Amino acid sequence: MNIVLSLIVSGLAISALVVIPFAGVWAAPFYGVHIEWLFGIVIPYLAAITFFVGMIYRVVKWAKSPVPFRIPTTCSQQKSLPWIKYDYVDKLDNPSTRLGVWGRMILEVLFFRSLFRNTRLQYGEGQSIKYTSSKWLWIGAIGFHYTFLVVIIRHLRFFTEPMPFFVKIIENVDGFFQIFLPTAYQSGLLLGAAATFLLLRRVLIPQVRYVSLPADYFPLFLILTIAGTGILMRYVLKTDVVSIKELTMGLVSFSPKIPEGGISVVFYIHLFLVSALFAYFPFSKLVHMGGVFLSPTRNLENNNRAVRHINPWNPKVKIHTYEEYEDDFREKMIGAGLPVEKKVAPTENKE
Amino acid sequence: MNLNNLLSEKRSVILKKWCDLTLQTYPEESQSFFRKKDQFANPVGHTISEGLASIYEGLLEGADVGRISEFLDRIIRVRAIQEFSPSEAVSFVFGLKSIIREELGSRILQNGLSEEWAALDARIDGLALLCFDIYAQCRQKIFDIRVNEVRKRSHRLLQMAGLSYEISEDNENNKDNGDLQEDK
Amino acid sequence: MAVIPKSWNVPQPDVLTKKIDHGPASMGLQKGWMSTTPVQIKEGMHCHAALAKNLKTVGMPNPRDWSVMGDDWKLPENWKEIVLDGLKDRLGRFRSFQLFMDICVRCGACADKCHYYIGSGDPKNMPVLRAELLRSIYRKNFTLAGKLLGPVAGARNLTYDVLKELWYYLYQCTECRRCSVFCPYGIDTAEITMMGRELTNLLGLNIDWIAGPVANCYRTGNHMGIQPHAFKEMIDFFVDEIEDVTGVRVDPSFNRKGAEILFVTPSGDVFGDPGTYTAMGYLILFHQLGLDVTWSTYASEGGNFGLFTSNEMMKRLNAKMYAEAKRLGVKWILGGECGHMWRVINQYMGTMNLDVAEGSKMEDPVSPITGTKFENAKSTKMVHITEFTADLLRHNKLKVDPSRNDHLKVTFHDSCNTSRGMGLFEEPRYVIKNVCNHFYEMPPNTIREQTYCCGGGSGLNAGEDMELRMRGGLPRANAVKYVHEKHGVNKLACVCAIDRAVLPNLMEYYVPEVDVTGVHEMVANAMVLDGEKKKTVDLRGEPLPGKEDSE
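Residues numbered from 1 in each chain as written. Chains lettered and ligands numbered in written order. Predicted model: local features only at pLDDT ≥ 70, side-chain atom pairs only at ≥ 80, totals over all residues.

1. Examining the interface of chain C and chain B
Of the residues lining the interface, 41 residues belong to chain C; the matching set on chain B comes to 41 residues. Of all elements in the fold, only helix 4 (115–120), helix 11 (228–246), helix 19 (466–487) and helix 20 (497–510) of chain C reach the threshold of two or more residues within the side of chain C that touches chain B. Of the residues contributing to the side of chain C that touches chain B, the split by class is 19 nonpolar, twelve polar and ten charged. (Contact = placed C-beta atoms within 7 Å. Helix = DSSP H or I, 4+ residues; strand = E, 2+ residues; numbered from the N terminus. Nonpolar A, V, L, I, M, F, W, Y, C, P; charged D, E, K, R; others polar.)

2. What about the pairing of strand 5 (residues 410–413) of chain C?
Residues and elements named next belong to chain C. Side chains Val410 and Phe412 project from strand 5 onto one buried face, and the interleaved Thr411 and His413 project onto a second face that is buried too. Direction of pairing for strand 5 relative to strand 6 (residues 491–494): parallel, over a ladder of four bridges. Bridge pairing links His413 to Cys494 in strand 6. (Buried ≥ 20, exposed ≤ 12 C-beta atoms within 10 Å, placed from the backbone. Pairing = 2+ DSSP bridges.)

3. Structural notes on the pairing of strand 1 (residues 261–264) of chain C
All names here are of chain C. Of the two faces of strand 1, the one carrying Ile261 and Phe263 and the one carrying Leu262 and Val264 are both buried. As judged from the three bridges shared by strand 1 and strand 2 (residues 293–295), these two strands associate in the parallel manner. Looking across to strand 2, one finds that Ile261 is bridged to Val293.

4. Some remarks on the interface of chain A and chain C
Facing the 85 residues of chain A at the interface are 96 residues of chain C. Among the elements of the structure, helix 1 (3–27), helix 5 (113–117), helix 6 (132–155), helix 9 (206–211), helix 10 (214–237), helix 13 (288–291) and helix 14 (322–335) of chain A are those that each provide at least two residues to the side of chain A that touches chain C. When the residues that make up the side of chain A that touches chain C are grouped by side-chain class, the tally is 45 nonpolar, 28 polar and twelve charged.

5. Quick word on the sheet that holds strand 7 (residues 515–518) of chain C
All names here are of chain C. If you walk across this open sheet you meet the three strands as 5-6-7, and the pairing is parallel. With one partner strand each, in any of the chains shown, strand 5 and strand 7 form the two edges of the open sheet. Adjacent strand axes in the sheet meet at a mean angle of 35° when their direction is disregarded. Where strand 6 lies against strand 7, four bridges are found, and the strand directions are parallel. (Axes fitted to C-alpha atoms, helices over the stretch in contact; angles between N-to-C directions.)

In C-alpha cells, the structure reads:
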C-alpha cells in the first residue's frame, strides 16, 4: 500500500459511511421506506455493544497473557546505595515502588511523558531549533486527545438529565470566547485542527508516510468527518437539539423512540459515523487507549533484584551441571591444581 | 571581479544545492531526517553539511591538502561504510562542477574568467582524486580492523600457549592447540 | 545531457535537478514498504549462519550447515506452521508481545532513535518498521481485520521472502531499547526482536556468532570455549603481569569452597584486550582488600548469549551462577562489568533461577569491608562491581591516587543494558570521578538513558558484519569525536565487555586518538597498594607521564 492507495481506500470507506445513512434516512422515504429506527436506535445500540464487548475482550486477552519478566525501561538512576542521589525524577522515571509506578503511569497517560522526552533541550553550537517535529508531535497529540475528551464530556449533556456540574463547567470554559451565537466551543475547532495536523504530518513527513497504513488514515478521516458534521449541525444547519436529546435520552434510558417531528439527516450521518468509530475501536490501533495501562515496560517497578518476580510458566530446562562439567575436564582440572569433587576419574563421558 | 568573488557571492545557494545533491543519494524516506540539524541525533547529515561547507571554503581559500583531506575524510569515512558503490561514494564531488556551471556559468563567461574556471575545475578533479585515496584507505582500515579483531581476541591465548611472537620458539605447552599451530 | 554513457553504470555527476532512479521524490509515490520484498541481503550487513554442531550441542532444532547468501536456507518442510504456532504460543505467554503487536499507532516517535537507522538511513531500520515486519504476519494470521482486509489492514502472508526479510532485520537490531524510551506506550523493540529471534531459532536460523558462544558456554562454562585449566592459566598469567607492573603478587583462588563471595565476569575480559586489563583491575582490587572471594571455572561466563537466542536458553546458561554459588557455599555473588549480563541479572535472573539457589548458604549481600548492606540486591544476592567499589570509595576504604591517571581525559559510555535495563548511571561515574581528575561528559542526548549503542550488541559483534557495526556505531563515535575535539578526551571508559571488544574498532575507524578502557582498569591504576614498588608504567605497560623520570 503506498500513500495514494491508502488515502483512496480510506476516503472510499468514509464516503460509504456517509452515503449509507444518507440513503437510509434521506432517500429511502421517497420509496416509502422508513428506517430511521435502524440508524437512530439499532445501529447505535449495536455499536455500543460491539465497543464494550470488544474492549473487554481485548483487555481480557491482554490480561490473560502473563507477564513472565519484570522488564521496565529504566529511564533514570536506579535506587541503589542510600547516598546515591535518587530524587523525584528518578523515582518517576525508574520507579522502585508501586507509588513511583503510579506516578510514572499518570505522567505517561495524562501528559504523554515519553513523547515529551523528545523535546528535552540539547546543547550544541549554533543550533537554535532541535527536534522541532517531535515537539510538535507532543503538542499535536496532547491537543488532539484533550480536545477529544472535552468534546465527549460536552456531549454528556445529551445523555444526562439534569446535567452533571462538570459538564456545565466544561461547557463554560470551552465556550469562554463568546464571539458567535450560538456559543462557539473551541474544542470542536481545535479537535479538527489537531486531527488535521496529525494527518498532514503523516502525509508530509516521509518517514511517517512510509510506515503509515490505511488503518492510520481511516480513523483520522473518520474523526475529522465526525467533527465536521458536528460543527455543521451546530453552527450552520442549526439542527433541532430538543429532538436529538429526546432520542438520546431514550437510548440511555433503554426506552428508545424516534422523535415525532424527525431529525435532520446530518444528525443521522453524524450518529452513524460515531457508531462506526465505536464499533471500529476494539479492532484497530485505537485500542492503545486501554493498552497503555498494561505496558510492562512502564507499569512495573525496577526492583527485581530486591523482590522476586514470579513467572507463572517458568520452564523446566536442562542444565549442564557441575558434575557433568567436572566429568568432562576432571584430569585437566587436577593437573592445573583446581579442586575437584571426585578424585577418581570415571570413564570418559563425551556427549 | 574574479571567480572567488563570484563563488563567495553565491556561496549559500551553491552549498545548499551541493548538500541536496549529496543527500539525494540516500533513501528517499530518510532524506528529510538527514536534513535535521542536530549534530548528535543526526551525525550523517551534520557531517555532510559541515563537511561540504568546509571543503568549499577550503577550495576558495586555497587551503592546503591536509586541511581539505581532513574534511573530505569525514564525509568519505561515513560513506565508505554505507550502501554505496565506490563510484557512488565519491560522486558527490563532481556534482559541484555542475552546480557551479548552472549557477555561475554565464557570469563567468561574461567576466572572461574561463581560465580561472578551468583551474577551479581542475582543483575539483583533484578533490575527486583525494576522495579516491581516502575511500581506499577507509576500506583498507575496515579490513585491518577485521583482522586485528581476530588477533585481539586470540592473542592472549596464543601468548599463553607460547605461540605468540612475544614468546617465540617455546612451543612446549601447546599440546591442546593443534589447530592454532596450523594457523601460525 | 548525460556525459557518461548509461551503460557504464556509474553515477551521473550533472544530474542535479532530480535523481531519476528515486522516482518522483517529493510526491511520495514510491512503493509502500510491503511491496519492497524480497529484500536484497548484503555482505557486511549480516552475520554468518549458525553451524550445525553448535545447534546440536544445545539441542536446538534443525541443525544443518547453511548460508545466508544462499537461496535455500534448508528449512523444515512445515516451517510456516512452526513459525505461526510459535508466534501463537508466545502471544499467549508474553503480555508484552501480545500488547506490542496490538497497540502501535505508528506515530513515528521512535523512527529516528535507532542507531542503525541514524547511521544508514535504511527505512526498514526504523524501529516501528522493524516491528511492522513481524506485525504484518501477526495481523494476517491472528486478527479479524487482517484476515478480512489483507494489505489494507497492514497484513501480509508469511512467505519465504517475508521470512528472509524479517530475519535480515531482526539481526540488525541490538536490542538496545533506545526506541522504547521515546515510545508513548513503552513499546520495546528489544522485546519484539527477542520474540522474533526465538521464532527464527525454531527453524535453526540463528547466527553463528550467537550459537557458537551459546554452545561453548553450555559445555565449558564460557563463550570462548576455554577449558578450566586454561582459564586458570590465563589468570595466573595476569598475576605475573601485575607483579611486573606493581611489584605486588596477587593470589586469586578458583572453585574454592567456603569463600564468602563468588565473582563472575564476562570471559571476554579474561581473553580479549583491552578487557584483560579490567580483569587485572579486579584481581588487584580483591587482593588489596583481602576479600574472601573466589573465581569459578564452571561459572566462568557472566555474559549470556542465551538472551539473544531464547528465554529458555538464557535460563539454561544463567542457572550456572546460582548452582555454583550453592556448591561453593558462598554468601553472595559479585558481578563484573558487563552490559547484557546485567540486563539478565537485573531483570531475569531471580525470576528464572532463584529456585536453583534454594538450600544454599546465600544471604543478603553485605560488603565485608564497609558493612554496607546492599538492600537493592537482597533477593538475587548479586551486586554490581561499581556498586561495590563506589561504596568502598564513599567510605574511604580504598587508597587511591587519582593523579596516576592524570594523563587521561576520560569520558564515559553508558552501555545500553545497564542504562535502560537497570539504571546504573551514578555508580560508575562516582567511581571514575574518584580515580581520575579529568572527566568530561558527552552531549546529553547521547548518554544515560539516551545513550547510543556501540553498534555490536546482542551478538552482532562478529567480524563479517563490520559495515553494519560501523554504521550503528556512528552516532556514538560522533559524540566521542566531539568531546575529543572539544576537551581533548583520550579515553573512553565503559562497563561492558562487548563495548570493550567493539568500541576499540569503532574508535580506530572514526576517532583513532581515543582508547577504550574498563572502569576497574582505571581504578587499579590509581590504587595505592600495600608493598607496591614505584610505578612507572600502567597495567598496559605504557609509561606514566611524570613518573618515569623521577626514578
